[in-house]
Amino acid sequence: MMMPPEEESPHGDRDGGLVLLHGPKSGSTRKGCDPFAQTQRSKLQHRRARINQQINKEMRMRAGAENLFRATSNHKVKETVALELSYVNSNLQLLKEELEELNSSMDVYQNDSESISVPMIPLGLKETKELDLLVPLKDFISEHYGEEGVLFEKEIKEFMELRQAMRTPSRNEAGLELLMEYYNQLYFLDSRFFPPTKTLGVFFHWYDSLTGVPSHQRALAFEKGSVLFNLGALHTQIGARQDRASLPGLNQAIDAFQKAAGAFNYLKENFSNAPSLDMSVASLTMLVRLMVAQVQECVFEKMTLLRAQNNFLARLQLAQEAARVEDVYSLVHQTMSQPHVKDYVPFSWTTMVHVKSEHFKALSHYFAAVALCDCPAPSDAELLEQEKAFLQFHITMPEGPSLRVLLQDPEERRKLGKAHLKKAIMKHEEAMRIHGLCKILRKMDILQEVLSFAHKRSLSKYSEIDHEEDFFETGEAPDIHPKTHQKPEIKSPNFSQVKVTDLFHRLGPLSVFSAKNKWYPARRVHLVRGENGFGFTLRGDSPVLIAGVIPGGCAAEAGLKEGDYIISVNGKDCKWSKHAEVVQLLKSTGKEGVDIGVITLQGSECPKAVDRKAAAMSSGSGMLKSNKENSRKSLMNSKSASTLLVWSKKSKRSKKSTYSGVPFTAVGDNEAMY
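The paragraphs below set out a description of the structure included in this document.

Analysis parameters
- Residues numbered from 1 in each chain as written.
- Predicted model: local features only at pLDDT ≥ 70, side-chain atom pairs only at ≥ 80, totals over all residues.
- Heavy atoms only, no water.
- Helix = DSSP H or I, 4+ residues; strand = E, 2+ residues; numbered from the N terminus.
- Polar contact = N/O pair within 3.5 Å; in protein donor to acceptor, adjacent residues only side chain to side chain.
- Contact = heavy atoms within 4.5 Å.
- Axes fitted to C-alpha atoms, helices over the stretch in contact; angles between N-to-C directions.
- Left-handed = near helix turned anticlockwise from the far one by under 90°.
- Nonpolar A, V, L, I, M, F, W, Y, C, P; charged D, E, K, R; others polar.
- Buried < 20%, exposed > 50% of the residue type's maximum accessible area, 1.4 Å probe, protein only.
- Arc of directions from axis to C-beta.
- Salt bridge = Lys/Arg side-chain N within 4 Å of Asp/Glu carboxyl O.
- Expected span 1.5 Å × (residues − 1).
- Disulfide = S-S within 2.5 Å.
- Parallel < 35°, antiparallel > 145°, perpendicular 65-115°, else oblique.

The next thing to look at is the side chain of E223. With respect to the element layout, E223 can be found in helix 6 (residues 220–240). Side chain to side chain, E223 and R163 meet in a polar contact 2.7 Å long. Those residues in contact with E223, other than ones at most four positions away along the chain, are R163, Y182, L186, F204 and W206.

Rendered as structure tokens:
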């Protein structure tokens, strides 16, 4: 599971985890696409948004009509409502068909290269409604954090602008980074504003990618999951647009589809009970398998580029690669044919996958035939290697002579090659038949061209090796054992690669100032340094913790308690301050004293522990307990954090200095007394 983004003080960087943007004032510089730009892809997305809104309207009308139908006992009203329902259902069916046609517009996402390659299946992005978080977040800041919500309007608006930009990501690396940045900001939003026992009161609305059916939830997990889905969908679009006639283009397509598979797989494993079908386990399983199949297809195309030499073993490998592609597309087709997925996935997708399965099976037999018929019989030196490769080539051994005789006899090779070609032609024709059943695919000229070219090539090769004097009946060629030289890799999203900063860092470190923690109202305490100092020990940073209070000392009389966090000194905000910075502020106070702002976390009070601590400090035995909440941020490596300080004009620190009879060992390693 991916780790959440790390929190960081606005004063510095951190090497590990997410690298933060410098300067919280700068905000995100990433922008979405111009929503008014009239590109083919944007027009498609605008049509999708319009259809989604119409589907939403029709579904609300249907829900109202169904409620009225159930509630009324008037037969005339029932007849009218039933007629209205049939009209609404008819409209919904038409809208669903229109959306399916949009989801089948694969050609829009393909590359503009003149080379002919089989189209890939991309996904359209999920659409979402605008979201106004200004009032809910301001109210939460006032109620939970005790701060003026109006002071955080800039941060809230910046977050909303980021969400708006995320709705229209560009189809490149910048678009991916935009989605990733928003996803990482949701981690901070979740920690700051979504307590475990209460909702923020806002709904996140998203439309199903394939059906357009709207869904909404208060849970931020739905927002996160939908953004992850769009991350995977954008990877599919980037993969589909690559020029797969070149090696760099193929490598980029492989990488994109592997990352798409990783995004969908991560979504499937980490988010459950999604309200929309496109994010159900069955749908995500299908999408992961589809992406893996498209990776495998790219691997085959890569092999055809790399294996330019026409030797026997290279062609056997191509045949096995094609068989592997057929194998994975068959699995995708089975997944798409399952009851929970069949009525949901566009018919053009199911047909395309079925066509590819038959097409690559035909190619596997074609390359097997070419290897047998076009390559010369092996020499004695080559025989052993070819025999070994051919032994694992077929799923079942072909009938006829022994393997050695088969490889060395040109006539036997021709007979088996002819059988493979016969099967290839049958599978090509089956692929073309299935292709012809889908109206949408029939409009796709490039697919028709690819299928037709492959079919003609197999027919031509068959005519070339077919002899008039052949009186033997062509046998049944066994299927080819699938094998790949590059297994697809499911690449999970790498959230740590994108630079983010917590937009609401001014609220304080998340270790204390989060939605899950509650604290009593902030108190302002005035301290005047006594003869022996203030009488408390400090530990940690961001924020600094009061680790112990000396009974009878200035701090105790002023009302400071063990476990209080210092949030300000003389009006200066100290939530993010380091230990040394707070110490310096306290040291700089004069006779007039110092005002310290503190908070106490609810549930952190422990009177018995305080009593024990006081006893330990007065008797000189025992060690101060570490504070679990603050120890993660503690960086007390300097001498100032581990030495005993006595602030007094009358006394100077010595090697054996003590405080009110308290030996040095009473102070923890990362604490200092003041």
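Now for the packing of helix 8 (residues 281–306) against helix 11 (residues 347–374). The N-to-C vectors of helix 8 and helix 11 enclose an angle of 30°; their axes lie 13 Å apart at closest approach. Between helix 8 and helix 11 the crossing geometry is left-handed. Touching L287, L290, E297 and F300 of helix 8 are W349, V353, K356, F360, L363 and F367, all from helix 11. In the contact of helix 8 with helix 11, the residues fall into 8 nonpolar, no polar and 2 charged.

Next up on the list: helix 18 (residues 579–587). Those residues of helix 18 that sit buried are H579, V582, V583 and L586. For helix 18, the angular spread of the buried residues around the axis is 100°, confining them to a single face.

This part takes up the pattern of salt bridges. Applying the stated criterion to the full structure yields 25 salt bridges. In this structure, R244 and E301 form a salt bridge, with 2.7 Å as the shortest nitrogen-oxygen distance. Of this pair, R244 sits in the loop between helix 6 and helix 7 (247–270) while E301 sits in helix 8, and the two are 57 residues apart along the sequence. R244 sits in the buried class, given a relative accessible area of 4%.

Before going further, it helps to spend a moment on helix 14 (residues 410–436). Taking 1.5 Å of rise per residue, the 27 residues of helix 14 would be expected to cover 39 Å, and the 38 Å separating its terminal C-alpha atoms lies within 8% of that figure. Between the side-chain oxygen at the start of helix 14 and the backbone nitrogen of E411 there is a gap of 3.0 Å, and the oxygen is on D409.

Our next topic: the state of the cysteines. Disulfides are covalent bonds that link the sulfur atoms of two cysteine residues. The tally for this structure, following the rule as stated, stands at 0 disulfides. Just so you know, C373 is unpaired, no disulfide at all, and the nearest cysteine sulfur is the one on C375, 9.4 Å from it.

Attention shifts here to the packing of helix 11 against helix 14. Geometry of a packed helix pair, given as the angle between the helix axes and the separation of the axes. Viewed as axis vectors pointing N to C, helix 11 and helix 14 meet at an angle of 165°, and their least axial separation amounts to 8 Å. By the angle between their directions, the pair helix 11 and helix 14 is classed as roughly antiparallel. Judged by the sense of rotation from one axis to the other, the crossing of helix 11 with helix 14 is left-handed. Counted by class, the contact of helix 11 with helix 14 contains 14 nonpolar, 8 polar and 7 charged residues.

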